[in-house]
Amino acid sequence: MQVFKKIIKIPAIRNALIMAGFYQIVFIAIFMYGYTAVPKNIDKLDVAIVNQDGEAGQAMMDSFTSQLPFNTVKESSLEKAKEKLDKREIYFIISLPAGFTESLQKQGEKSTLDFYINEANPPLVTEALAQVATEMTASINKEIGINGIEGTLTSLHMPADQAKELALALPNKLESNIHKTAVVPEGMNHQMAPFFLTMVSYIAAMVYSMTTGNVLLGVKQHFGKWKSFWSMQVLNVLVCLIAPLLGIIVYFAISGGFDWSVFVKVWLSHSLEMIVAVEFMTIFAFLFRTNAMYANLPFMISQAVACGAMMTTSMMPWIFKALSHVSIMFHSVQADYILLFGGSGAAGHLWKLALIGVVAFILVLVVHQLLPVKKLEAKTETRAA
């Protein structure tokens, strides 16, 4: 017991005990609050309805708008809607083709309702949208069967019950045609790849920055303040080029099916992500030293919710939606969806990521300048004593 009491008094042990409790509270609180939005906020997804059937299709279009559990927007052009879908400004398109209403009224003729889904989105969203397409088709078929065919049979003096039974037994008149863009290969490994590739680079950057940040504070008194700083920056760049490459080689080796150009783009994208993350978290390493984890951990977990791998920004609680604009992980995940599976807008996310990196690097310079070597020496000697 005496040894136990002495061990408990060791600062490192006390910090470990605090971190164990801190991690539990932060992890559960952030994730539980963040994911209360799923599936509650799925009605905030933007869905476009395109009417190519003129005035005849207006009633059907209005019916879709009132019944769909989404935020519906009307688009006059299918091509314009497809551009928005490609950029992931909308997540689903329902298109009424020309002659759609007329074909519904003709006996013996099939009608087709077109749906467009961009699969380079969180699996939860794409699965929900595909289910909606199936349910809509079934619902319309049921309505047609009851109101259309049943009415025709009743007019031929067939008993109502018999007419309804026969109508429901007839083949479905409406068919759904689901067009998938930016198709994600089958397998959870592909669906979650943007999140896992981003997360592993971010965690590597967090561990690396906390170590090297403290090392820099120690060695600069021996090698000079700015010589040590710029030498460490060169090392940062080299590490951030090599470390993501290792993980991406493993992913592509297991998954396969991608072009060499995709490999290079994803590698450079995560190298950029990691260098930005290193610079950002070095600020905490400078300011809080061995306690940097208390700042890094909540920010990392918050970004895991706000990165857009599990839900879209339109579904997120407001605080995570605001965080996504300046989140390193958000822009990395979104760029991955596009680079790996198709679509447009990757360059915009990478430019924003680079801008976050520039701001972080300027802050690192400022903090480094404001922390004098002498004061650090004094602190180090006090802690050593």
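No experiment lies behind these values; they were computed from the predicted model shown.

A. Structural view of the packing of helix α11 (residues 260-288) against helix α12 (residues 293-306). Two elements in contact, α11 and α12, have axes separated by 9 Å at closest approach and are oriented at 150°. If you check the angle between α11 and α12, you find them roughly antiparallel. Contact with α11, carried on its side by F280, M281, F284 and F288, involves A295, N296 and F299 of α12 and no other residues of that element.

B. Seen up close, the packing of aromatic side chains. Per the stated rule, a full pass over the model turns up 19 aromatic pairs. An angle of 35° between the planes, with centres 5.5 Å apart, marks the rings of Y23 and F27 as tilted. With a gap of four residues between them, Y23 and F27 both fall in helix α2 (residues 11-34), about one helical turn apart. By relative accessible area, Y23 is classed as partly exposed at 37%.

C. Focus on the nonpolar core. Counting residues in hydrophobic clusters, the biggest one holds 84 residues, and the most contacted among them are F64, F92, I94, L113, F252 and L340. Considering each element in turn, this core owes the most residues, eleven residues, to α11. With residues up to four places along the chain from it excluded, the contact list for F252 reads F258, V262, F263, V266 and L340. Counting nine residues, the second-largest nonpolar core is a separate cluster that includes L217, F286, V364 and V367.

How each quantity is defined
Residues numbered from 1 in each chain as written. Predicted model: local features only at pLDDT ≥ 70, side-chain atom pairs only at ≥ 80, totals over all residues. Heavy atoms only, no water. Axes fitted to C-alpha atoms, helices over the stretch in contact; angles between N-to-C directions. Helix = DSSP H or I, 4+ residues; strand = E, 2+ residues; numbered from the N terminus. Parallel < 35°, antiparallel > 145°, perpendicular 65-115°, else oblique. Contact = heavy atoms within 4.5 Å. Phe/Tyr/Trp six-rings, centres within 6.5 Å; stacked < 30°, edge-to-face > 60°. Buried < 20%, exposed > 50% of the residue type's maximum accessible area, 1.4 Å probe, protein only. Core = buried A, V, L, I, M, F, W, Y, C linked by side-chain atoms within 4.5 Å.

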